[in-house]
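A closer look at the structure
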Amino acid sequence: MGTFGGQFEDFHADDRRAEVIDWLGGLLPEFDLPLDSSDEELREYLIDGTALCYTADKLMPGVLEGVWGGYASDHRSNVKKFLSVIAEMGLPGFSVKDLEEGSMSSIVECLLALRDNVSAGLGENMSNYAAKTPSRPVAPVSTPGRRSPGEDRRRGLWDAKSPQRSPLLSGQKANEVFQFKRGQYTDLPAAKISEMIQSNSLDNAPTQSLLRVVNGILDESIERKRGEIPHRVVYLLRNVVQEIEHRISIQAEHIRNQNSIIKTREDKYRSKIKALETLVNGTNEENEMAINRLELVKVVEKSKIDERRKIGEQDMVRLMREKENAENTVTNLQQEIQVMSRMFEEYREQMEEKTSQMEEHLTLRAKEAEFLLTQSKKRVEEVETASELQSQLWSKKANTFRSFMDNQKLSIKDIRISSQSIKQEMFALQMKWRDEISNIGLDLKGLVDAAENYHGVLAENQKLFNEVQELKGNIRVYCRVRPFLPGQDGKSTAVDYIGENGEILISNPSKQGKDGYRMFKFNKIFNTHVSQAEVFSDIQPLIRSVLDGFNVCIFAYGQTGSGKTYTMSGPGKSKEDWGVNYRALNDLFDISLKRRNTFSYEVEVQMVEIYNEQVRDLLSNDIAQKRLGIWSTSQPNGLVVPDAS
Ligand SMILES: Nc1ncnc2c1ncn2[C@@H]1O[C@H](COP(=O)(O)OP(=O)(O)OP(=O)(O)O)[C@@H](O)[C@H]1O
């Protein structure tokens, strides 16, 4: 399938060929090739060179004069003659070989260049060429007078065979006729003018020359002002003008023909362009699809190739590694083999050495064994002798043992009898123990009964205990005397005497006589040396009565620094320093722990301070605590601080 450019070139070549065929058809009567003839058909027509020579001769009569004495039978020499004319005109030629078997485009272009050259010059060049070559006698034609433009076209631009053209005035002479200077036309003799008119010099003259003639005659007539032009000059003028008109009409006809050809070609081109556009559109779509498919295939193939390449590379790397490993393994194995063989050699040598040593050793051992064998034989003999003696000894011993056994059997009999008596004794003991155990059971039962009555007894005890407390007094007042603090003068004590039954005599140095002493009586006086534990031991029974449902209140009273905090809380955290509060709680927890199988107690503690008639919660972390109130309840002795922690 050719390209668009190739197709266009083909169309162009066809058109150019058709142009040549059309032109030759108009120029040569025997040329009857159809316009759509092929290169080969045109080649066949032109190959003998005669058509080419006829064309040149028709366009430029006499141009082949001198070099062309008639159409040669040798086609190559005809073609060469034509080519020599073309070369002389300076037009592009062609090679004979091209005409014989090569491309026809150079021949077509040569002929079209000849046509264009001739049309542009309207015969000027041709006349020049014709003038350079001697005129050739031509055969007369049957049709005399002026030709019609159509006839001219069919017969060629210039009919060299016209009877009116004198061969005498052709060429150099005709040229001379149109080279007069100004003022010469009116003075031309009549004979000269008629010779000019009758000859073919008008036909052969270039159009420029003809126009110069007309202008010259008109200028001369204007210069003379009389307007009188000789009749013969007028005749010449009319002929010249006729010739010019004739040429113009030929040109017009030629242009019309060219136009119609161009229009036909244009239509043809348009249809061809449409066909090509359709073809191109179809091709474009197909091309697009094909390109897309190709791209897809390219991508897939590329990815496959990449994948295969990658796998190949990985295989290569793996194989290289395996190869390296294998080589390493082989090297290792070779080294191991070498080491092993070395070791084996050493081992073999050692073994050989050991074998020889062993052989020696075995020889020695064999000798020793032989020696020992003889020795042992001797020993066996000795042992046999000794064993005989031993067996005799054993038989003696066996007899002794038998007698011993008999004695033993007798003893066992005695033991059996004594064990019988022991058994009887054991039985009697068992009976005795059984009685005792049953007695213990009875005792235990009594104990269980006593335990069952324990709570009752306990309650009775408590009742009695509380009664004792009550007898001691529901309100008891103790006095504790604080020792002097470091730095205080111990001699200035006011305590004069402390009695056994709670009496204390206080002296007042500011008063004299009887008023200087005062006796106070308490339930008990604790002197300065009395410990915290001793103070608590007197309070403890009161606290325990709480567990039996009694309300107890213990408080310390005294002036500042007299030892209230010391007595109630204690000076430190050690157990000895504990005051009444700690000891009371500790005692309550101890008792509740001991009685946990019997009773369950709940202990709650509140700690408040009453200072300046304000109650403060000592267990609260809240600094800005609200004011606490002391409330009396309906319960006996009930005073509570409900908002305290
Ligand atoms: N029995 C005692 N033995 C030794 N030192 C004591 C004794 N009683 C009190 N003190 C000491 O006396 C000082 C005053 O005691 P404490 O602070 O208990 O007095 P207070 O009555 O609570 O005073 P306040 O009313 O100002 O709080 C403390 O240094 C304390 O250690």
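Residues numbered from 1 in each chain as written. Predicted model: local features only at pLDDT ≥ 70, side-chain atom pairs only at ≥ 80, totals over all residues.

1. Quick word on the overall build of the protein chain
Applied cut-off: Secondary structure elements follow DSSP: runs of H or I no shorter than four residues count as helices, runs of E no shorter than two count as strands, and numbering proceeds from the N terminus. Residue burial is a threshold on neighbouring C-beta atoms within 10 Å of the residue's own C-beta, all placed from the backbone, with 20 or more meaning buried, 12 or fewer meaning exposed, and counts in between meaning partly exposed. In this description, a residue-residue contact is defined by the distance between C-beta atoms placed from the backbone, which must lie within 7 Å.
In terms of regular secondary structure, the protein chain is built from 17 helices and 9 strands. Expressed as a percentage of the 645 residues in the protein chain, the buried residues total 12%. Put simply, 59% of the contacts in the protein chain that link residues at least 6 apart link residues at least 24 apart.

2. Looking at the packing of helix α15 (residues 532-544) against helix α17 (residues 580-594)
Spelled out, the test is: An axis is simply a line fitted to the C-alpha atoms; with a helix, the fit covers only the stretch in contact. Between two such axes, the angle follows the N-to-C directions and lies from 0 to 180 degrees. Oblique is the label for every angle not falling under 35 degrees (roughly parallel), over 145 degrees (roughly antiparallel), or within 65 to 115 degrees (roughly perpendicular). Left-handed is the label given to a crossing in which the near helix is rotated counterclockwise from the far helix by less than a right angle, and right-handed is the label when the rotation is clockwise. Asp, Glu, Lys and Arg are counted as charged, while Ala, Val, Leu, Ile, Met, Phe, Trp, Tyr, Cys and Pro are counted as nonpolar; the rest, among them Gly, fall into the polar class.
Across the interface, α15 lies against α17 with an axial gap of 10 Å and an inter-helix angle of 50°. Looking at the two axes, α15 sits oblique to α17. Pair α15 / α17 crosses with right-handed handedness. Packed against α15, whose contacting residues are V535, F536, I539, Q540, I543 and R544, the element α17 presents V580, R583, A584, D587, L588 and I591 at the interface. Among the residues making up the contact of α15 with α17, the classes are represented as 8 nonpolar, 1 polar and 3 charged.

3. Concerning the nonpolar core
We count it as follows: In this description, a nonpolar core means buried residues of the types Ala, Val, Leu, Ile, Met, Phe, Trp, Tyr and Cys, linked to one another by C-beta atoms lying within 7 Å.
With 32 residues, the main nonpolar core has L52, A56, F82, V85, I86 and I107 as its most contacted residues. Each residue touching L52, except ones within four places of it in the same chain, is listed here: L46, N78, V79 and F82.

4. Structural notes on the UniProt feature "binding site: ATP" (unreviewed entry) in the protein chain
Quick note on the threshold: UniProt positions are given in the numbering used here, feature names are shortened, and annotations may be inferred rather than shown by experiment.
Following the UniProt record, the feature "binding site: ATP" (unreviewed entry) maps to G558, Q559, T560, G561, S562, G563, K564 and T565 here. Its place among the elements puts G561 in the loop between α15 and α16 (564-568).

5. Quick word on the pairing of strand β6 (residues 608-611)
Formally: Here a strand pair is declared whenever DSSP counts at least two bridges between the two strands.
Across 4 bridges, the pairing between β6 and strand β7 (residues 614-617) is antiparallel. Along β7, the bridge assignment pairs Y611 with Q614. Hairpin remark: β6 followed by β7, antiparallel, with 2 residues in the connecting loop; positive phi at N612, about 50°.

6. Concerning the site of the ligand
Here is the rule: For each residue, a C-beta atom is placed from the backbone, and the residue counts as near a molecule or strand when that atom lies within 6 Å of it.
In the neighbourhood of the ligand, the contacting residues comprise R482, P483, L485, G558, T560, G561, S562, G563, K564, T565, Y566 and P571. For the shell around the ligand, the class distribution of residues is 4 nonpolar, 6 polar and 2 charged.

7. Digging into the sheet that holds strand β4 (residues 517-521)
Taken together, the 3 strands give an open sheet; going across it, the order is β2-β3-β4, and neighbouring strands pair in antiparallel fashion. Looking at strand neighbours, the two that pair on one side only are β2 (495-498) and β4, the edges of this open sheet. Here the average twist between neighbouring strands, direction ignored, is 20°.

8. A short note on unusual backbone geometry
The phi torsion at N612 lies on the positive side, around 50°, for a residue other than glycine. Among the secondary structure elements, N612 is positioned in the loop between β6 and β7. At E613, a residue that is not glycine, the phi angle is positive and equals roughly 60°.

9. Digging into the pairing of β2
Sheet topology places β2 next to strand β3 (residues 503-507); 3 bridges connect them, and they run antiparallel. The partner of I498 across the bridge, within β3, is I504.

10. Quick word on the confidence of the model for the protein chain
The line we're drawing: Scored between 0 and 100, pLDDT is the confidence that the predictor attaches to each residue.
Per-residue pLDDT for the protein chain averages 80, and the proportion of residues at 70 or more is 82%. Within the protein chain, no element has a lower average pLDDT than helix α8 (residues 149-155), which sits at 36, and none a higher one than α16, at 96. Long-range and interchain partners of residues 1-5, a stretch whose pLDDT sits below 50, account for 3 contacts in this model, where long-range means more than four residues apart. For the stretch residues 122-175, pLDDT sits under 50, and the model shows 91 contacts to residues farther than four places along the chain or on other chains. In the model output, the complex is listed with pTM 0.36 alongside ipTM 0.98.

11. So, α17
Definition in use: A helix is expected to span 1.5 Å multiplied by its residue count minus one. Each direction from the helix axis to a C-beta atom contributes to the arc, which is the arc of those directions.
Taking 1.5 Å as the rise per residue, α17 with 15 residues should run 21 Å; its terminal C-alpha atoms sit 21 Å apart, in good agreement. Every buried residue of α17 is listed here: V580, R583 and A584. The buried residues of α17 occupy an angular sector of 100° when the element is viewed end-on, so they sit on one face. Turned more than 90 degrees away from the buried face of α17, the exposed residues are F589 and L593. The inward-facing, buried residues of α17 abut α15 and α16.

12. Side note on helix α3 (residues 50-59)
Most of α3 is tucked away, with 8 of its 10 residues classed as buried. Turning to α3, its buried residues number three or more, namely A51, L52, C53, Y54, T55, A56, D57 and L59.

13. Section: the packing of α3 against helix α4 (residues 75-88)
Viewed as axis vectors pointing N to C, α3 and α4 meet at an angle of 35°, and their least axial separation amounts to 8 Å. Between α3 and α4 lies a crossing of left-handed hand. From α3, T50, L52, C53 and A56 reach across to α4, where they touch N78, V79, K81, F82 and V85. Class assignment for the residues of the contact of α3 with α4 results in 6 nonpolar, 2 polar and 1 charged.

14. Observations regarding the environment of C53
Looking at the secondary structure, you find C53 in helix α3. On a C-alpha basis, the gap between C53 and V79 in space is 7.4 Å, while along the polypeptide they are 26 residues apart.

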